[in-house]
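Listed below are the residues making up each chain.
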Amino acid sequence: MAEHYTTRQNQTWDVIAKEVYGDEKYTEQLMKNNMDKIGIFVFSAGTVLNTPEIETQQEQEAVLPDWRN
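Residues numbered from 1 in each chain as written. Predicted model: local features only at pLDDT ≥ 70, side-chain atom pairs only at ≥ 80, totals over all residues. Heavy atoms only, no water.

1. Overview of the overall build of the chain
Spelled out, the test is: Only DSSP runs of H or I covering at least 4 residues are called helices, and only runs of E covering at least 2 are called strands; the numbering of each starts at the N terminus. A simple rule labels every residue: compare its accessible area, found with a 1.4 Å probe on the protein chains alone, to the largest value its type can have, and call it buried under 20%, exposed over 50%, or partly exposed in between. Only heavy atoms enter the contact rule, under which two residues are in contact if any of them lie within 4.5 Å. Note on areas: Shrake-Rupley, 1.4 Å probe, and residue coverage restricted to the protein chains presented here.
When helices and strands are tallied, the chain shows 3 helices and 2 strands. In the chain, the succession of α and β elements from N to C terminus is β-α-α-β-α. The buried share among the 69 residues of the chain stands at 28%. Partitioning the intrachain contacts of the chain with sequence separation of at least 6 by distance along the chain shows that 62% fall at a separation of at least 24. Of the roughly 4,900 Å² that the chain leaves accessible, carbon and sulfur atoms contribute 51%.

2. Focus on the nonpolar core
The tendency in soluble globular proteins is for nonpolar side chains to be buried as a group. Short version of the rule: By convention a nonpolar core is built from buried Ala, Val, Leu, Ile, Met, Phe, Trp, Tyr and Cys residues, the set being connected through side-chain atoms within 4.5 Å.
Core analysis: the largest hydrophobic core is formed by 11 residues, namely Y5, W13, I16, A17, V20, Y21, Y26, L30, F43, L49 and I54. Broken down by element, this core gets its largest block of residues, 5 residues, from helix α1 (residues 13–21). Each residue touching L49, except ones within four places of it in the same chain, is listed here: E3, H4, Y5, T7, W13, I16, N34, K37 and F43.

3. Observations concerning unusual backbone geometry
Most peptide bonds take the trans form, and the phi angle of most residues other than glycine is negative. In this structure, N10 takes a positive phi of about 70° despite not being glycine. The residue N10 is located in the loop between β1 (4–6) and α1 in this model.

In short, shape yes, function no, at least from these values alone.
Next comes the structure, spelled out in structure tokens:
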């Protein structure tokens, strides 16, 4: 996965989270990684966002505690 994402005109946080991470539920993590842009609601084209890998729901479920195995 790329560590950066360049926005297109009129994208919003949730749309970008879905495109980058596969689900809009990761919007909060995307925003936390880009606090310098937190005041933007609708992006113009060309804004570069940090998109480091995050632990997705599937990865969390894959690591079950010993008692659940």
